[in-house]
Amino acid sequence: MTSLLLMGVALAYALLMLYIDRYLTSRHENGDEEALSLLAFQRECSVFDLFVEAGAQWSFSRAKIDSDFNSYIRRGDIPHYLRTYVSGHAPARRSYQDALFTGNKLPPNANP
């Protein structure tokens, strides 16, 4: 009787944890900083490389890109041209399961 009760409690706990995990995951949205880091992770490049690519599309000077990157490092400011660039390339969300089964490298076409 006791073992049956313990199995029931364990099953209820597992189901509750699964529900909470799915509920929280579905309510989580990528912020600008997370989207930026996920895109850099997917492309296997640095965030600075994304600044350079986005700045090149807008024909910004290297000095402006360096200044914007320093502002990003110091205060977390993400310039509008980089937000536009990142939103146009829609990075996939990184999940624990994806990282676990792909050797910590997401496939390039992973969808959330």
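Look up a bit, the structure's there.
Residues numbered from 1 in each chain as written. Predicted model: local features only at pLDDT ≥ 70, side-chain atom pairs only at ≥ 80, totals over all residues. Heavy atoms only, no water.

**Quick look at unusual backbone geometry**
The residue glutamate 44 is not glycine, and still its phi comes out positive at about 55°. Its location among the elements puts glutamate 44 in the loop between α2 (32–43) and α3 (47–57). With a relative accessible area of 59%, glutamate 44 lands in the exposed category. The phi dihedral of serine 59 is positive, around 60°, even though this residue is not glycine. What makes serine 59 exposed here is its relative accessible area of 65%. (Helix = DSSP H or I, 4+ residues; strand = E, 2+ residues; numbered from the N terminus. Buried < 20%, exposed > 50% of the residue type's maximum accessible area, 1.4 Å probe, protein only.)

**Some points on the packing of α3 against helix α5 (residues 80–89)**
Working note: a packed helix pair is described by the angle between its axes plus the distance between those axes. Running from N to C, α3 and α5 point in directions that differ by 100°, and their axes come no closer than 9 Å. One finds that α3 runs roughly perpendicular with respect to α5. Contacts between α3 and α5 involve Leu50, Phe51, Glu53, Ala54, Gly55 and Gln57 from the former and Tyr81, Leu82 and Tyr85 from the latter. (Axes fitted to C-alpha atoms, helices over the stretch in contact; angles between N-to-C directions. Parallel < 35°, antiparallel > 145°, perpendicular 65-115°, else oblique. Contact = heavy atoms within 4.5 Å.)

**Re the side chain of serine 71**
Residue placement: serine 71 occurs in helix α4 (residues 62–75). Setting aside its immediate chain neighbours within four residues, serine 71 contacts Gly76 and Asp77.

**Re the packing of α2 against α5**
Packing of α2 against α5 brings their axes to within 10 Å, and their N-to-C directions diverge by 60°. Taken together, α2 and α5 sit at an angle that is classed as oblique. Note that α2 runs across α5; the crossing there is left-handed. Seen from α2, the contacting residues are Asp32, Ala35, Leu36, Leu39 and Arg43; seen from α5, they are Leu82, Arg83, Tyr85, Val86 and His89. (Left-handed = near helix turned anticlockwise from the far one by under 90°.)

**Topic: a nonpolar patch on the surface**
On the surface, Tyr13, Leu16, Met17, Tyr19 and Ile20 cluster together to form a nonpolar patch covering roughly 530 Å² of accessible area. The residue tyrosine 19 is located in helix α1 (residues 2–27) in this model. (Patch = residues over 30% accessible without salt bridge, like charges linked within 9 Å, V, L, I, M, F, W, Y side chains within 5 Å. Areas by Shrake-Rupley, 256 points an atom, 1.4 Å probe, with all protein chains shown as cover. Salt bridge = Lys/Arg side-chain N within 4 Å of Asp/Glu carboxyl O.)

**Section: the side chain of aspartate 68**
Note that aspartate 68 resides in helix α4. Owing to a relative accessible area of 15%, aspartate 68 belongs among the buried residues under this scheme. Residues within four places of aspartate 68 in sequence aside, it is in contact with Phe51, Asp77, Pro79 and Tyr81.

**Overview of the packing of aromatic side chains**
The final tally for this structure, using the stated rule, is 6 aromatic pairs. Ring geometry for phenylalanine 51 and phenylalanine 69: centres 5.3 Å apart, planes at 85°, overall edge-to-face. Here the residue phenylalanine 51 occupies a position in helix α3, and phenylalanine 69 occupies one in helix α4, the gap between them amounting to 18 residues. Of the two residues, phenylalanine 51 and phenylalanine 69, neither departs from the other in class, the shared state being buried. Arranged with centres 6.2 Å apart and planes meeting at 40°, the rings of phenylalanine 69 and tyrosine 72 form a pair that is tilted. One end of the pair is phenylalanine 69 and the other is tyrosine 72, both in helix α4 and 3 residues apart, which spans about a single turn. (Phe/Tyr/Trp six-rings, centres within 6.5 Å; stacked < 30°, edge-to-face > 60°.)

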